[in-house]
Structures are given as C-alpha cells and as structure tokens.
Amino acid sequence: MKSCYLFLAVVCSLLVIASAGNFYQDCDITWGDRQAKILNNGQLLTLSLDKTSGSGFRTKNEYLFGKIDMQIKLVPGNSAGTVTTYYLSSEGPTHDEIDFEFLGNLSGDPYTLHTNVFTQGKGNREMQFKLWFDPTMDFHTYSILWNPRHVIFMVDGTPIRDFKNLESRGIAFPKNQPMRIYSSLWNADDWATRGGAVKTDWSNAPFVASYRKFNADACVPASGVSNCASNAASHNGGWWNQEVDSTAQERMKWVQQNYMIYNYCSDLKRFPQGLPPECSIA
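The shown structure was predicted, so the numbers you read here are calculated from the model rather than taken from an experiment. (Residues numbered from 1 in each chain as written. Predicted model: local features only at pLDDT ≥ 70, side-chain atom pairs only at ≥ 80, totals over all residues. Heavy atoms only, no water.)

**Digging into unusual backbone geometry**
At step 1: The linkage connecting Ala205 with the following residue, Pro206, adopts the cis geometry, with an omega of 5°.
At step 2: You can see Pro206 is positioned in the loop between strand S14 (180–187) and strand S15 (207–221).
At step 3: Phi at Asp156 is positive, roughly 50°, even though this residue is not glycine.
At step 4: Inspection of the secondary structure puts Asp156 in the loop between strand S12 (150–155) and strand S13 (158–164). (Helix = DSSP H or I, 4+ residues; strand = E, 2+ residues; numbered from the N terminus.)

Dropping the structure here:
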C-alpha cells in the first residue's frame, strides 16, 4: 500500500511536455568533443567515431513515462565493431533502463537490433532482431512508449516488443525513477559483431550516425504540477493508456516470428535453474 501511495505522489508531481525537436534546446553533448555536431539550426545531430574517440549526447530533461521518438540513420558500409545506442536510463546502482542498441556488421550483412529492459539494476532481458530494411540508407523512427502498464519498443510505428507491468506477480517494473534519453556511438569490437570475431576496420573511419526529429511527448518531474495522467491521456492519442491492440499484436507477432534472432525467454542454457518468471506469463 505504501508503494502505491508513493507512485501516486510521483505521478501527481509531473508535467506533460512535448519537445519541439531542436537539439540545441533538448540535448547536451556529453562526450567526444568535436566528434558530435549539431547542424541545420538544431534540426540534425551527428555522432562520429574514429580511433581517438566515439561520442554521445543526452537530453536535458528527465522523463517519467512518455512516448519518445527519434529518427536515426545508422553507420553505412562496413560498420563491424561499432555500436550505436539510443536508450532511456536513470542513474545509480539500482537504475532502470530501456535500451535500443544497434550492433554494426560487415557490408551487406544486416544490422542486429538489441533490446533490453533493466529494473532496479537488473537486466538480462535481451531480445535481438534483424531489421526488415537497410537502416543505413535512410532515416527510420525508433520509439519507446512507456506508461504505467507497458514498455513498448517500436520501429516505424510497428511494435516489436512489449514488456508488461507484472508487479502483481512479483516482477519489477520501471515506474518510479525518472530517466534521460542517452545516445552514443562507440567501438565495441571485443563483442559487438559475431561475438567479437569481426574487428573494427579503422580504414573506414570516421563512422557516422545521424539523428533528427527527436520528439518527447512525455512527463517531466515538476514540483507542484498535477494532473499528468489526465493530461497525457488526452494528449497526442493518449499514450498514457495505450495498449498493444489486436492489430498491433499481429504486427508484433509477424516481426518476432520472422526477424527475432534471440529471446532470453527461450535460452534454457543461460537459465539452467529456470527461465525468468515473466517468461511463463502470457
């Protein structure tokens, strides 16, 4: 009961905002010095990686629930060894986190899209996909819809994964810790491509990923501002109450049947003592 009151108190101290999508206004470059650039009057952001450094940025605001969209064009050509990340995260050892990670590959091979959900510092909930398009040829929209009942990962509006709130069954769900959006481009050739078998070819550097049309229709913690839930429910299609309806379920099923290459809930070797409890709940 105490946790329920705490949750309601947090919800009542939120303000719904809709980001304008200007990187100067919305984001800070956090590392990489000149490797990260904001261009076109704040409408475009590029991250680059060479042998000296990668780069990254984060949002100025923290969010507690929302629908976050970003259009990304990934590193083209031979991107083996590189990782481009786009994720929500809080801070501290018991942090929450919602991950998109794009693992580069040799020219002509598909990217691997890696997803994960951390709750109270615990992750190990990986699902991986191959995309049904070339994500280096054009911008595509990657979205995280996070409300009190669901974390839904979407690609161009198609849901690929739904992590449900199963707290009633004793499974933690991210709902109390505000999170910022982070993104980075860095070298991980010790594990990123075929388990580290394929190394980064630095003759292809600099590697560049591009970002545009960031939009956060989200709740931002703000003392004394109330009615986040009701405002969010009526704002921009009501993401606060959004579910994966029957049509979206069919689309998600299609993606998972045809493009999912790893599901932690099927990895019996990794969990010899039994799969995580959420895996057995429909």
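**Focus: the pairing of S13**
At step 1: Extensive coverage of S13 is indicated by the burial of 6 of its 7 residues.
At step 2: Sheet topology places S12 next to S13; 6 bridges connect them, and they run antiparallel. Following the sheet pairing, His150 is matched in S13 by Lys164.
At step 3: The loop that links S12 with its antiparallel partner S13 comprises 2 residues; one of these, Asp156, has a positive phi angle of about 50°. (Buried < 20%, exposed > 50% of the residue type's maximum accessible area, 1.4 Å probe, protein only. Pairing = 2+ DSSP bridges.)

**Thoughts on the nonpolar core**
At step 1: Judged by nonpolar contacts, the single largest core of 60 residues is most densely connected at Ile68, Leu88, Phe100, Tyr142, Trp146 and Tyr211.
At step 2: It is S15 that contributes the most residues to this core, 8 residues altogether.
At step 3: Ile68 has contacts with Tyr63, Tyr86, Leu88, Tyr142, Ser143, Ile144, Ile181, Phe214, Asn215, Ala216 and Ala218, leaving out every residue within four places of it along the chain. (Core = buried A, V, L, I, M, F, W, Y, C linked by side-chain atoms within 4.5 Å. Contact = heavy atoms within 4.5 Å.)

**What to know about the packing of aromatic side chains**
At step 1: Evaluation of the coordinates by the stated rule reveals 17 aromatic pairs.
At step 2: Where Tyr86 meets Phe100, the ring centres are 5.8 Å apart and the plane angle is 10°; that geometry is what we call stacked. Residue Tyr86 is found in strand S7 (residues 82–89), and its partner Phe100 is found in strand S8 (residues 97–103); the two are separated by 14 residues along the sequence. Phe100 matches Tyr86 in its accessibility class, with the two residues each being buried. (Phe/Tyr/Trp six-rings, centres within 6.5 Å; stacked < 30°, edge-to-face > 60°.)

**Notes on the pattern of salt bridges**
At step 1: According to the stated counting rule, one finds 8 salt bridges in the structure shown.
At step 2: Here Glu62 ties to Arg180 by a salt bridge, and the two come within 3.6 Å at their closest N and O atoms. Of this pair, Glu62 sits in the loop between strand S5 (55–59) and strand S6 (66–73) while Arg180 sits in strand S14, and the two are 118 residues apart along the sequence.
At step 3: Lys67 is the partner of Asp69 in a salt bridge, and the nearest nitrogen-oxygen pair spans 2.8 Å. (Salt bridge = Lys/Arg side-chain N within 4 Å of Asp/Glu carboxyl O.)

**Here's the deal with the sheet that holds strand S16 (residues 260–263)**
At step 1: Read from one edge to the other, the open sheet built from 8 strands follows the order S2-S5-S14-S7-S8-S9-S10-S16, with strand pairing classed as antiparallel. Each edge of the open sheet carries a strand with a single partner, namely strand S2 (27–31) and S16. The sheet shows a mean angle of 15° between the axes of neighbouring strands, taken without regard to direction. (Axes fitted to C-alpha atoms, helices over the stretch in contact; angles between N-to-C directions.)

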